[in-house]
There are 2 protein chains.
Amino acid sequence: MATSVTSSACASTRDQLIAHAQTLISKRGYNGFSYRDLAEHVGVKTASIHYHFPQKDDLLQAAVVDYTAKITRALHAIDDSLPAVERLERYAKLFVGSPADQICMCGMLAADFASVPEPVRAALKAFFRLHENWLAAVIADGKREGTIKSWSDPQSSARTAFAAFQGALLASRLFQANDRVCEVLQAICVRVEQPA
Amino acid sequence: MATSVTSSACASTRDQLIAHAQTLISKRGYNGFSYRDLAEHVGVKTASIHYHFPQKDDLLQAAVVDYTAKITRALHAIDDSLPAVERLERYAKLFVGSPADQICMCGMLAADFASVPEPVRAALKAFFRLHENWLAAVIADGKREGTIKSWSDPQSSARTAFAAFQGALLASRLFQANDRVCEVLQAICVRVEQPA
DNA sequence: GTCTATACCGAGATAGAC
DNA sequence: GTCTATCTCGGTATAGAC
């Protein structure tokens, strides 16, 4: 999931803070970065961060809201009328496009579940469900088209597929190679049916 | 992945420290717990932890080595001569057996990749490869038996399957329901082949 | 091997000048 | 809105008694 919206040239301090916070969370997790780290990245002092986000949890909340909105837009930008497989490929690109040391921010925060306040937990669940529902619709279409394999019902398949994507991102960073995301894609799409 | 080896009744302080550290890492991540937390769980003072593990990284190393050994033993304990599907089911139980708020410790540490020293990174890669190779062998057998679906080659399928398991654990904790691991199992195993 | 006491630093957070 | 200065707390880590 690209964080490239980061900053074209000049953005408000607040926007820069959110963008860099997203990057830091994706790389190091919520407990893995400090206001000092963030301040250095943006080029301000820590007191300035506190002006925009009094508590660290406020920053987190803003980062999650912005990230979710961004991804939701990207998801909606994938044309519903395209063949299911092509939609899936575009979906996978949302992940592969980001730097090798960054995984999906919400996947990362799901790992930090215990450290995160309730509102963020709710947002994370919503994020997961959004993706699972989106994938379920695509899988259902692909099933009709005969281009996507569906084990059991589409919703269940979608949950497994999304889990596979998140896990693949984790492994991609671990092994410094993001072809694992593509492997998930291949596992889902019908190619040459091999005899059981 | 059960951390149940924790302590039958009395174990050496060192062993208790390792066991509880594993639990804390699985729940909160490497940056999410302190020596104070661990000390309270075990019932000692933080200075005692430093006696056994001078640096926090030493504790981490020990926790990873022990965890890996434990899981490796559990993996070897699954009889090679069993049908592939049954081996897979036993494998899944390694995950489902653990408390809902704990995911696989090495999956968690993979998320904390950036915060972790090189030797631990190497151990994590080895852990992933161990599982992927084990799964690849099972999948290859299941393919021959006609009981397991293999998209592309078994190695690639195994990587995707392992990613799906790790992602499913993440989602299980998020939604407080670990049936997602079972869903992965169902996705892999052949049941009623539904027409594409 | 475990404790008390303490050093030391980095964290999140606040006050108030500019 | 950003800064300097400062506070407080919690974190890792050490020294030395028992």
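In this report, the structure presented in the accompanying data block is examined. Source: prediction; values computed, not measured.

Helix and strand counts for chain A stand at nine helices and zero strands. Over its C-alpha atoms chain A spans a radius of gyration of 18 Å, differing by no more than 12% from the 16 Å that the globule rule assigns to 196 residues. The C-alpha extent of chain A, read off along each of the three principal axes, is 65 × 30 × 30 Å. Contacts in chain A between residues far apart in sequence, at least 24 positions, make up 64% of those at least 6 positions apart. Looking at chain A, you have 21 positive and 20 negative side-chain charges, and the mean spots of the two groups are 3 Å apart.

Attention shifts here to the protein's contact with DNA strand C. Taken together, 16 residues form the shell around DNA strand C, and within it Tyr35(A), His50(A), Gln55(A), Thr13(B) and Ser48(B) come nearest. The contact atoms of DNA strand C, taken as those within 4 Å of the protein, divide so that sugar and phosphate hold 72%. In this structure, a phosphate oxygen belonging to DNA strand C sits 2.7 Å away from a main-chain N or O atom of Tyr35(A). Arg36(A) places a side-chain nitrogen or oxygen 3.4 Å from a phosphate oxygen of DNA strand C. Going through the elements one at a time, helix H2 (35-42) and helix H3 (46-52) of chain A together with helix H3 (46-52) of chain B are the ones with two or more residues in the surface near DNA strand C. The leading source of residues in the surface near DNA strand C is H3(B), at four residues.

Our focus in this paragraph is unusual backbone geometry. Residues and elements named next belong to chain A. In the Ramachandran plot, Gln-176 falls in the positive-phi region, its phi being about 55° despite a non-glycine side chain. Relative to the helices and strands, Gln-176 resides in the loop between helix H8 (154-175) and helix H9 (179-188). On the basis of relative accessibility, which here comes to 54%, the residue Gln-176 falls in the exposed class.

All names here are of chain A. When the terminal C-alpha atoms of helix H5 (residues 84-96) are compared, their 19 Å separation across 13 residues agrees well with the 18 Å that a helix rising 1.5 Å per residue should span. Residues of H5 that are buried include every one of Ala-84, Val-85, Arg-87, Leu-88, Tyr-91, Ala-92, Leu-94 and Phe-95, and no others. All buried residues of H5 lie within an arc of 160° about the axis, which places them on one face of the element.

Summarising burial for helix H9 (residues 179-188) of chain B: seven of the ten residues are buried, a large majority. Those residues of H9(B) lying buried are Arg180(B), Val181(B), Glu183(B), Val184(B), Leu185(B), Ala187(B) and Ile188(B).

What follows is about the protein's contact with DNA strand D. Around DNA strand D, the surrounding shell holds 16 residues, and the nearest of these are Thr13(A), Ser48(A), His52(A), Tyr35(B) and Gln55(B). Contact distances for DNA strand D include 2.7 Å between a phosphate oxygen and a side-chain N or O atom of Gln55(B). Examining the composition of the surface near DNA strand D, we find that four residues originate from one element, H3(A), more than from any other. When grouped by side-chain class, the residues that make up the surface near DNA strand D number seven nonpolar, six polar and three charged.

Moving on, we come to the relation of the copies chain A and chain B. Each copy of the sequence occupies a distinct position, and chain A is placed on chain B by a rotation of 180° and an axial shift of 0.0 Å, giving an RMSD of 0.0 Å. Such a combination of rotation and displacement between the chain copies is what one expects of a two-fold axis. When C-alpha distances to the rotation axis are compared across chain A, the minimum falls at Ala164(A), with a value of 1.8 Å. In this assembly, 100% of the residues forming the interface of chain A have copies in chain B that are likewise at the interface, indicating an isologous arrangement.

Okay, the interface of chain A and chain B next. Each partner contributes to the interface: chain A provides 43 residues, whereas chain B provides 44 residues. For the pair chain A and chain B, the two sides together bury roughly 3800 Å², of which 58% comes from carbon and sulfur. The partner of Glu132(B) in a salt bridge is Arg180(A), with the nearest N and O atoms 2.7 Å apart. The interface formed by chain A and chain B includes eleven residue pairs in polar contact (both at pLDDT 80 or more). For the side of chain A that touches chain B, the secondary-structure elements that each account for two or more residues are helix H1 (13-28), helix H6 (105-111), helix H7 (118-145), H8 and H9 of chain A. Broken down by element, the side of chain A that touches chain B gets its largest block of residues, twelve residues, from H8(A). For the side of chain A that touches chain B, the per-class residue count stands at 19 nonpolar, twelve polar and twelve charged.

Under the criterion given, the structure shown has 14 salt bridges over all chains. Arg90(A) serves as the salt-bridge partner of Glu86(A), at 3.2 Å between the closest nitrogen and oxygen. On the criterion of helical spacing, the pair formed by Glu86(A) and Arg90(A) is a turn pair, its members being four residues apart in helix H5. Asp66(B) is paired through a salt bridge with Lys70(B); the nearest N and O atoms lie 3.7 Å apart. Taken together, the residues span about one helical turn, with Asp66(B) and Lys70(B) both in helix H4 (residues 56-76) at a distance of four residues. Note on Lys70(B): relative accessible area 10%, which makes it buried.

Residue and element names in this part refer to chain A. Counted by the stated rule, this structure contains 16 aromatic pairs over all chains. Taken together, the ring pairs connect Tyr-91, Phe-95, Trp-134 and Phe-165 into an aromatic cluster. For the cation-ring pair, Lys-56 lies above Tyr-30, with the distance from its terminal atom to the ring centre recorded as 4.6 Å. The positively charged end of Arg-121 is found above the aromatic ring belonging to Phe-113, 4.3 Å away from the centroid.

What counts and what doesn't
- Residues numbered from 1 in each chain as written.
- Chains lettered and ligands numbered in written order.
- Predicted model: local features only at pLDDT ≥ 70, side-chain atom pairs only at ≥ 80, totals over all residues.
- Heavy atoms only, no water.
- Helix = DSSP H or I, 4+ residues; strand = E, 2+ residues; numbered from the N terminus.
- Rg over C-alpha atoms; globule rule 2.2 N^0.38 Å.
- Contact = heavy atoms within 4.5 Å.
- Lys, Arg positive; Asp, Glu negative; His and termini not counted.
- Charge placed at Lys NZ, Arg CZ, Asp CG, Glu CD.
- Near = heavy atom within 4 Å.
- Polar contact = N/O pair within 3.5 Å; in protein donor to acceptor, adjacent residues only side chain to side chain.
- Buried < 20%, exposed > 50% of the residue type's maximum accessible area, 1.4 Å probe, protein only.
- Expected span 1.5 Å × (residues − 1).
- Arc of directions from axis to C-beta.
- Nonpolar A, V, L, I, M, F, W, Y, C, P; charged D, E, K, R; others polar.
- Least-squares fit on C-alpha atoms with pLDDT ≥ 70 in both.
- Buried area = accessible area lost by both parts, 1.4 Å probe.
- Salt bridge = Lys/Arg side-chain N within 4 Å of Asp/Glu carboxyl O.
- Phe/Tyr/Trp six-rings, centres within 6.5 Å; stacked < 30°, edge-to-face > 60°.
- Lys NZ or Arg CZ within 6 Å of the ring centre and 35° of its normal.

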